[in-house]
Amino acid sequence: MTFFGINYIENQLQLNDLIKYIVTFVLILALFIVSTLYWRHRIQTKYRDLSIIVLLLLLFTLGLQYSDYIQSESRHSQSSQMVTFIENLAKDKHLRSSDILVNSTQLTDGIVVKIKNSYYRANLSSDQSNYTLTKTHLMNKKISIEDH
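To keep things clear, this report deals only with the structure shown in the data block. (Residues numbered from 1 in each chain as written. Predicted model: local features only at pLDDT ≥ 70, side-chain atom pairs only at ≥ 80, totals over all residues. Heavy atoms only, no water.)

Remarks on the pattern of salt bridges
Rule in force here: Whenever Lys or Arg places a side-chain nitrogen within 4 Å of a carboxyl oxygen from Asp or Glu, that contact is recorded as a salt bridge. Buried residues are those whose accessible area, probed at 1.4 Å on protein chains only, stays under 20% of the maximum for their type, while exposed residues exceed 50% and partly exposed ones sit between those limits.
Under the counting rule described, the total for this entry stands at 1 salt bridge. A salt bridge links Arg96 to Asp99; the shortest N-O distance between them is 3.2 Å. Taking the relative accessible area as the measure of exposure, Arg96 reaches 56% and is therefore exposed. Overall, the relative accessible area of 27% leaves Asp99 in the partly exposed class.

Have a look at this one:
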């Protein structure tokens, strides 16, 4: 079972967005370069064809990013709720938020929370405004921790 720390959850949100922005910037730069070459050498149609190909790739990438954006907003909201949950739980237990690990990056009912050497199952209300912790025991004691 894999447990995630608050640092991992916060960093994961930013990494995916950075990669998408880099790909888009590179495609815009390539479109600018190829278009400039086409306007300088109008007789050579290879630059026009390259401009069209890069433009289509850019439009395809932007379409994918819009689709990912819609899904990402939902995941980002749920991950932000998880960060808030960990911070509130740490405050209630008088611990640092880095001492609490969870087995999911998104706040859902039934997640397993590791506090020090104990494991708890978090039962959330339907509107996720409150929770109860029930002590639980793991069947498989092999766990890995992601906290970078």
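Considering the packing of aromatic side chains
Two aromatic rings are characterised by how far apart their centres lie and by the angle between their planes. Where we set the bar: Pairs were defined over the aromatic rings of Phe, Tyr and Trp, the Trp ring being its six-membered one, requiring ring centres within 6.5 Å. Orientation was assigned from the angle between planes: stacked under 30 degrees, edge-to-face over 60, tilted for the rest. We count a stretch as a helix when DSSP gives it H or I for four or more residues in a row; a strand needs E for two or more, and each element gets its number in order from the N terminus.
Per the stated rule, a full pass over the model turns up 3 aromatic pairs. Judged by centre distance (5.7 Å) and plane angle (45°), the rings of Phe3 and Tyr119 are tilted. Pair noted here: Phe3 is in strand E1 (residues 2-4) and Tyr119 is in strand E4 (residues 118-124), with a separation of 116 residues, a long-range link. Each of the two residues, Phe3 as well as Tyr119, counts as buried. Taken together, a centroid distance of 5.0 Å and an interplanar angle of 25° make the contact between Phe4 and Tyr8 stacked. For the pair shown, Phe4 and Tyr8 are each scored as buried.

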